[in-house]
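# A structural walkthrough
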Amino acid sequence: MPLDSSLNGTVAALVQELATDTDLVDDVVAHARAHFPEVARLPWTESRRHVAALLAAGFTAFARAMADGDFGPNLDFSEASRFGAERAALGVPVAGLLAGVHGGRSRLLEIAINRGREAGIPYDELLQALLKLDRYGTELERHVMDGYREAERDLNRDDRTARIRVLRRLLLDDDGGPAVPEEDPARFGLHNGGSYHCVISDVVDPTRVRALEQAFARCGGVLAPVGGRLSGLTPRLPGGRALDPAVLVVTTPPITLDQARSAYRLCRTALHAARFRESTGICDVVELAGETALAAQPMLAGFLSDGLLGALSPTEDFHRELVGTALAYLDHGQRLDLTAGALHLHPNTVRYRLRRLQDLTGFGTPAEGLPVLETVRWWWALSSWSHHPTDQTP
């Protein structure tokens, strides 16, 4: 039954406010982690990523239903089904998935009630809207689970559960979760005397996950979801054409099994660094050494960005031009001619921008150059600053 026009406008405003609230995801995650041990065992960043994806899917579909005035059986829940399928591909336990969905749903309704009262929405109208939202949440939850179970059936055609267990044993520190039967690594060709590349990918699409698992299996490797990421160990890497070029895979040089936990932690940090620079394909951690070392210290990056570039505002296009020019200058060996060519600018324009940046921040001029450690310090600050949102100050 469609909502009446006045209520539809009220609900639309409330949903729009919730959908654009940048603090909402953190609030929902904190609530779910505090009340559900299955969610708390996942790393914060993974929990947040899962909740953000589910809320985005729900708000998108709910807003579309309001715009069409149709809350009947023809609602589009494709995003919710895709969300469930991706959680299955990432090996998120069904108990953790349900706990997260239930926790997020209850907290979201609580927030919606409080926001509705603050907005002065009459109680009867607010109740009618929340009943619609709750029924919608029930249906969304069902489609999440349908997508999860369908993908799980497709993925678990072989011994995937056993692969998950053996990799958790080799790659993860004790997470305090329930004990699970141990698997012998030798069953999968992993031996104490061998050496293996540790690999990790941020792929989430079930079809791509399956293809990646099969590509590494042909190389004798063992891949499965671990800690919310497709991860594993392999004696050799697939050839370039064996992988989807759009997929990112981070790998270490060969390591022994007793080095696997440390290599896995390194790969996770390197994955963030590779995504930060928008890499695809197979990326060796050696190639990402600098970015990985810096990515391991996000608080220090913030201190540098605020301390060196506090006079700049991400909302100012000219300031962004200055930062982009300075990054290009450092990336091209502090050479004006190479920087100008890369940016399709006249060298005098590059020189002017660098001098304006020096006026604002103290950044070194082309005539002075920068020593190695100063170059690292400024590059890190500039790179961190350049990723601030344009709609808020650092």
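The name given to the protein in an unreviewed UniProt entry is PucR C-terminal helix-turn-helix domain-containing protein, with Paractinoplanes tereljensis as the source organism.

So, about the nonpolar core. Within soluble globular proteins, side chains that are nonpolar generally end up buried alongside one another. One finds Leu 167, Leu 171, Leu 190, Cys 198, Leu 233, Val 250 and Tyr 264 to be the most contacted residues of the largest nonpolar core, which totals 30 residues. For this core, the secondary-structure elements that each account for two or more residues are helix 8 (160-171), strand 1 (197-201), strand 2 (222-226), strand 4 (248-251) and helix 10 (260-276). Broken down by element, the residue count for this core peaks at 7 residues, all from helix 10. Val 250 has contacts with Cys 198, Val 199, Ile 200, Cys 267, Ala 270, Leu 271, Ala 274, Cys 283, Val 285 and Leu 288, leaving out every residue within four places of it along the chain. Listed in part, the 24 residues of the second largest apolar core include Val 323, Leu 327, Tyr 329 and Val 350.

The 5 strands are arranged 2-3-1-4-5 in an open sheet whose pairing can be described as mixed. Pairing within the sheet leaves two strands with one partner each, and these edge strands are strand 2 and strand 5 (281-284). On average, adjacent strands in this sheet sit at an angle of 25 degrees to one another, irrespective of strand direction. For strand 1 and strand 4, the ladder comprises 3 bridges, and the chain directions are antiparallel. Pairing of Val 199 across the sheet is with Thr 251, part of strand 4. Each of strand 1, strand 2, strand 3 (229-234) and strand 4 touches helix 9 (residues 206-217); the most contacted strand, strand 2, lies at about 145 degrees to it.

In this section: the pairing of strand 1. The buried count for strand 1 comes to 5 of 5 residues, which makes it a mostly enclosed element. With burial as the criterion, each face of strand 1 is covered, one bearing His 197, Val 199 and Ser 201 and the other bearing Cys 198 and Ile 200. Note that strand 1 and strand 3 share 5 bridges and pair antiparallel. When the bridges of strand 3 are listed, Cys 198 appears paired with Leu 233.

Taken as a whole and assessed by the stated rule, the structure comprises 2 aromatic pairs. Ring centres 6.4 Å apart and planes at 75 degrees place the aromatic pair Tyr 329 and Phe 363 in the edge-to-face group. In this pair, Tyr 329 sits in helix 13 (residues 317-331) while Phe 363 sits in the loop between helix 15 (347-361) and helix 16 (372-386), placing the two residues 34 residues apart along the sequence. For Tyr 329, a relative accessible area of 1% translates into the label buried. Residue classification places Phe 363 among the buried positions, given a relative accessible area of 0%. A centroid spacing of 5.2 Å and a plane angle of 85 degrees characterise the contact between Phe 363 and Trp 378, whose relative ring orientation is edge-to-face. Pair noted here: Phe 363 is in the loop between helix 15 and helix 16 and Trp 378 is in helix 16, with a separation of 15 residues, a long-range link.

Inspection of every chain in the model, using the stated rule, returns 0 disulfides. Here Cys 198 is not cross-linked by a disulfide; its sulfur's nearest cysteine counterpart is in Cys 267, at 4.1 Å. Looking at Cys 198, the relative accessible area reads 0%, which means it is buried.

Analysis parameters
- Residues numbered from 1 in each chain as written.
- Predicted model: local features only at pLDDT ≥ 70, side-chain atom pairs only at ≥ 80, totals over all residues.
- Heavy atoms only, no water.
- Core = buried A, V, L, I, M, F, W, Y, C linked by side-chain atoms within 4.5 Å.
- Buried < 20%, exposed > 50% of the residue type's maximum accessible area, 1.4 Å probe, protein only.
- Helix = DSSP H or I, 4+ residues; strand = E, 2+ residues; numbered from the N terminus.
- Contact = heavy atoms within 4.5 Å.
- Pairing = 2+ DSSP bridges.
- Axes fitted to C-alpha atoms, helices over the stretch in contact; angles between N-to-C directions.
- Phe/Tyr/Trp six-rings, centres within 6.5 Å; stacked < 30°, edge-to-face > 60°.
- Disulfide = S-S within 2.5 Å.

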